[in-house]
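Residue-level listing of the chains:
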Amino acid sequence: MGLSAEAIHSGLDAIAASEPGIARALVIAGYPEPRIRPTGYATLLRTIVGQQVSVAAANSVWNKLEALLGADLPPEKILAAEFDALRGAGLSRQKQGYVRSLCELVVTGALDLDSLPTD
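So, a few notes on the structure that sits alongside this text. What you see is a predicted model; the values in this text were computed from it and never measured.

## Considerations on the overall build of the protein
Check the secondary structure of the protein and you find seven helices and zero strands. Starting at the N terminus, the α and β elements of the protein follow one another as α-α-α-α-α-α-α. Computed over C-alpha atoms, the radius of gyration of the protein comes to 18 Å, more than 25% over the 14 Å expected from 2.2 N^0.38 for 119 residues, which places it beyond the range of a compact globule. Overall, the C-alpha framework of the protein stretches about 50 × 35 × 20 Å when taken along its three principal axes. Of the contacts made within the protein by residues no fewer than 6 positions apart, 51% connect residues no fewer than 24 positions apart. Across the protein, the centroid of the 10 positively charged side chains sits 11 Å from that of the 13 negatively charged ones.

## A look at the side chain of Gln96
Assignment of secondary structure puts Gln96 in helix α7 (residues 93-108). You can call Gln96 buried: its relative accessible area is 2%. Filtering out sequence-adjacent residues up to four positions away, Gln96 remains in contact with Phe83, Leu86, Arg87 and Leu91.

## Some thoughts on the packing of aromatic side chains
Considering all chains together, one arrives at zero aromatic pairs under this definition. Residue placement shows Arg46 over the ring face of Trp62; its charged tip is 4.1 Å from the ring centre.

## Here we look at the nonpolar core
Counting residues in each nonpolar core, the largest one holds 17 residues, and the members touching the most others are Leu45, Leu65, Leu73 and Ile78. If sequence neighbours within four positions are ignored, Leu65 has contacts with Val49, Gly70, Leu73, Leu86, Ala89 and Leu91.

What counts and what doesn't
- The written sequence of each chain sets the order in which its residues are numbered from 1.
- Where totals are concerned, whole chains, interfaces and linings use all residues; where local detail is concerned, this predicted model gives features only for residues with pLDDT of at least 70, and gives and counts side-chain atom pairs only at 80 or more.
- Note that water and hydrogens are dropped before the side-chain values are worked out from all heavy atoms of the structure.
- Helix and strand labels come from DSSP, where a helix needs a run of H or I of at least four residues and a strand needs a run of E of at least two; each type is numbered from the N terminus.
- Radius of gyration means the value over C-alpha atoms here, while the globule rule gives 2.2 Å times the residue count to the 0.38 power.
- In this description, contact between two residues means that some pair of their heavy atoms is separated by no more than 4.5 Å.
- His is not counted, nor are the chain ends; Lys and Arg add positive charge and Asp and Glu add negative charge.
- Think of each charge as sitting on NZ of Lys, CZ of Arg, CG of Asp or CD of Glu.
- Burial classification: accessible surface area is computed with a 1.4 Å probe over protein chains only, and a residue below 20% of its type maximum counts as buried, one above 50% as exposed, and the rest as partly exposed.
- Pairing of aromatic rings covers Phe, Tyr and Trp, the last counted by its six-membered ring, and requires centre-to-centre distances within 6.5 Å; plane angles under 30 degrees mean stacked, over 60 mean edge-to-face, and any other angle means tilted.
- The criterion for a charge sitting over a ring is simple: Lys NZ or Arg CZ within 6 Å of the ring centre, and within 35 degrees of the ring normal.
- By nonpolar core we mean a set of buried residues, namely Ala, Val, Leu, Ile, Met, Phe, Trp, Tyr and Cys, connected to one another through side-chain atoms within 4.5 Å.

Spelled out as structure tokens, the structure:
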């Protein structure tokens, strides 16, 4: 779960109080919007897909994966997908390892997403 708007404002205000560059940036650009996603499998999967790439690249990969495997990217379909098909959608070997690991944990019930803390 992400930070609330109030927490973002408070934290940036504290930094801006001692860092003039941040204070100027806040005046020019304003505060960033909170990035809050629902907890669960899809958010964990999106986090893996989006690591170390731009937002545009992550969205492109996600869209290709959905076109290949269907909306919500069911973990069973990801596990059944061929390496080259996932690679063609933009998942590197390393990311495929992470994605497949998550899917295996979800499918086997070894990772109970409903029992994780909300924060």
